Amino acid sequence: MNVLVIGGGNMGMTYAEAIAKSNFLTAGSLMIIDQSKEKRDELRATGLFEVHDQLDTCLSRADVVLIAVKPVHAAALMKEMKPLISTEQLFVSIMAGVTIDTIKQGLDAVKVVRAMPNLPAQVGLGMTSFTGSDEVSRLELAAIEQLLDTTGRSINLTSESEIDASTGISGSGPAYIFYFMQAMMDAALKMGFDQHDARLLVGQTFAGAVELFNESTLSPEDWMERVASKGGTTRAALDSMDENNVNALIQEAAYAAFRRAEELGKQTKGTEAKDG
Ligand SMILES: NC(=O)c1ccc[n+]([C@@H]2O[C@H](COP(=O)([O-])OP(=O)(O)OC[C@H]3O[C@@H](n4cnc5c(N)ncnc54)[C@H](OP(=O)(O)O)[C@@H]3O)[C@@H](O)[C@H]2O)c1
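Computed from a predicted structure; not experimentally measured.

*Asks:* Explain unusual backbone geometry to me, please; I cannot follow it from the model alone.
*Replies:* Generally, phi is negative for residues other than glycine and the peptide bonds are trans, each holding for most cases. Here the phi dihedral of Asp 108 falls at roughly 60°; this positive angle occurs in a residue that is not glycine. You can call Asp 108 exposed: it has 12 C-beta atoms within 10 Å. Positive phi values are uncommon outside glycine, yet Asn 245 reaches one of about 60°. Note on placement: Asn 245 falls in the loop between α10 (233–243) and α11 (246–268). Since 11 C-beta atoms lie within 10 Å of it, Asn 245 is described here as exposed.

In C-alpha cells, the structure reads:
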C-alpha cells in the first residue's frame with residue numbers, strides 16, 4: 001500500500017512520522033507533500049519519507065491519501081486534486097468540520113473516511129474517532145484503523161453526528177484537562193508554591209490519577225469514593241465542586257464544542273471551508 005500525506009504541519013508530520021516508525025508500511029511507500037519549502041526541508045531532514053512539492057508527482061501513486069491541511073485550505077486543495085484522482089483511491093481527512101459529502105463533492109471521490117484526532121497523537125497517545133462513506137469496505141476500514149492507531153488509539157463510529165459528538169469529548173477534551181490543570185496550578189501558586197513545584201504537584205497528580213483509571217475498571221466516581229473519606233479534605237473539595245455545579249458546567253462546555261462542530265460542518269457544506 002502507498003500512502004500520501006498532504007500537509008506536513010503539526011498533524012500531517014505527526015501522522016507521517018508515526019506511520020513511518022510503525023510496521024504498517026514497507027519502506028519507500030510513504031510520501032508527503034507540503035506547499036512550503038521550509039516545511040519540505042524539515043520533512044526531508046527526517047529521512048523518513050519521500051517529500052514532494054507537486055501533486056502530479058505523487059497523488060496518482062497513492063492508494064490512501066491522508067488530507068491534513070487546515071479546513072480553510074480544503075476547497076483550493078480539492079480543486080487542485082480533482083483532475084488527478086481515481087475512484088479506487090481512499091481519502092482520509094482529518095480536517096475539523098469538513099464533512100464526507102463536502103469531500104466527495106469537492107474531489108468527485110467515493111471512498112472517504114473522516115477522522116477526528118486529538119493533540120496527544122503527537123506523543124503516541126492520541127484518541128481518533130473515524131467513520132467512512134458507504135463505499136469504504138470493512139476491510140478498508142480495518143486498514144485505516146491500523147493506520148490511525150499508529151498515533152494512539154482509534155474508534156470506528158457509525159455516523160458523522162458521532163464524530164461531532166466525539167469532537168466535544170476527545171477532540172477538544174485535552175483543552176478541558178489543561179483548563180483544570182491551570183486552575184489547580186493557579187491554586188498552588190496562591191498557596192505559595194513556586195512555578196516549578198506547582199507544575200510538578202499538578203502534573204504528577206494528573207498522570208497518577210489517569211494511570212489508576214486506565215489500569216482498572218473502576219469508574220471515576222468509584223475512585224472519588226476511594227480518595228474521599230467522610231469529614232476529610234477531599235470530601236470538602238468535592239462538596240465545594242458539587243455546590244458550584246462544576247460537573248454540569250463541564251458537561252455544558254462539552255456540549256458547546258459538540259454544537260460548534262455541527263455548525264462548522266454545516267458551514268463547510270458546498271465549497272467554503274472554515275477553520276475549526
Ligand atoms: N492540531 C490538532 O490538535 C488537530 C486536531 C484535530 C484535527 N486537526 C486538523 O488537522 C488539520 C491540520 O492541522 P495542523 O495544525 O497540522 O495545520 P498546519 O500546521 O497549518 O499544517 C497544514 C500544512 O499544510 C500545508 N498546506 C496547506 N495547503 C496545502 C496544499 N494545497 N498543498 C500542500 N500543503 C498545503 C500548510 O502550508 P502553509 O503553512 O504554507 O499554509 C501547512 O504546512 C486541520 O484541518 C485541523 O482541523 C488538528
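This is not the end of the story, as more comes after the structure.
*Asks:* Honestly, the packing of helix α7 (residues 173–190) against helix α8 (residues 195–214) in this entry has me stumped. Any pointers?
*Replies:* Packed helices, taken two at a time, are described by their axes: the angle between them and the distance between them. The N-to-C vectors of α7 and α8 enclose an angle of 140°; their axes lie 9 Å apart at closest approach. With respect to α8, the axis of α7 lies oblique. In this structure, α7 crosses over α8, and the sense of that crossing is right-handed. Along its contact with α7, which presents Met 181, Met 184, Met 185, Ala 188 and Leu 189, the element α8 presents Ala 198, Arg 199, Leu 201, Val 202 and Phe 206. Residue composition of the contact of α7 with α8, by class: nine nonpolar, no polar and one charged.

*Asks:* Sorry, what's going on with the UniProt feature "domain: Pyrroline-5-carboxylate reductase catalytic N-terminal" (unreviewed entry) in the protein here?
*Replies:* Look at the UniProt record and you will see "domain: Pyrroline-5-carboxylate reductase catalytic N-terminal" (unreviewed entry) annotated at residues 3–97. Across residues 3–97, the secondary structure splits into 32% helix and 20% strand, with the terminal C-alpha atoms separated by 23 Å.

*Asks:* When you look at the domain arrangement of the protein in this model, what are you seeing that I'm missing?
*Replies:* Interfaces are often sized by the accessible area lost when the parts come together. Examined at the domain level, the protein breaks down into domain 1 (3–157) and domain 2 (173–244). Look at where the C-alpha atoms of domain 1 and domain 2 centre, and you get two points 37 Å apart.

*Asks:* How should the pairing of strand β8 (residues 152–156) be read in this particular structure?
*Replies:* Successive residues of a regular strand alternate their side chains across the two faces of the sheet. In this sheet, β8 lies alongside strand β7 (residues 126–132) in parallel orientation, the contact comprising five bridges. Residue Met 127 lies in a different strand from β8, and its bridge partner there is Arg 153.

*Asks:* I keep staring at the environment of Trp 223 and nothing clicks. Help me out?
*Replies:* Inspection of the secondary structure assignment puts Trp 223 in helix α9 (residues 220–227). C-beta crowding within 10 Å serves as the criterion here: with 14 such atoms nearby, Trp 223 is assigned to the partly exposed category. Sequence spacing of Trp 223 and Gly 173 is 50 residues, and the spatial spacing of their C-alpha atoms is 20 Å. Leaving out residues up to four positions away in the same chain, Trp 223 has contacts with Leu 212, Phe 213 and Leu 218.

*Asks:* What exactly am I supposed to notice about the nonpolar core here?
*Replies:* Generally speaking, nonpolar side chains in soluble globular proteins are found buried as a group. Ranked by internal contacts, the top residues of the largest apolar core, which has 55 residues, are Leu 4, Ile 6, Leu 66 and Ile 67. By residue number, the principal contributor to this core is helix α1 (residues 10–21), which donates seven residues. Not counting residues up to four positions away in its chain, the partners in contact with Ile 67 are Ile 6, Gly 7, Phe 91, Val 92, Ser 93, Ile 94 and Met 95.

*Asks:* Can you help me understand the site of the ligand in this one?
*Replies:* Around the ligand there are 27 residues in total, and Gly 7, Gly 9, Met 11, Met 95 and Ala 96 lie nearest to it. Broken down by element, the shell around the ligand gets its largest block of residues, three residues, from α1. Class assignment of the residues belonging to the shell around the ligand gives a composition of 13 nonpolar, 11 polar and three charged.

About the thresholds
Residues numbered from 1 in each chain as written. Predicted model: local features only at pLDDT ≥ 70, side-chain atom pairs only at ≥ 80, totals over all residues. Buried ≥ 20, exposed ≤ 12 C-beta atoms within 10 Å, placed from the backbone. Helix = DSSP H or I, 4+ residues; strand = E, 2+ residues; numbered from the N terminus. Axes fitted to C-alpha atoms, helices over the stretch in contact; angles between N-to-C directions. Parallel < 35°, antiparallel > 145°, perpendicular 65-115°, else oblique. Left-handed = near helix turned anticlockwise from the far one by under 90°. Contact = placed C-beta atoms within 7 Å. Nonpolar A, V, L, I, M, F, W, Y, C, P; charged D, E, K, R; others polar. UniProt positions renumbered as here; feature names shortened; annotations may be inferred. Domains from an automatic or database assignment. Pairing = 2+ DSSP bridges. Core = buried A, V, L, I, M, F, W, Y, C linked by C-beta atoms within 7 Å. Near = placed C-beta within 6 Å.

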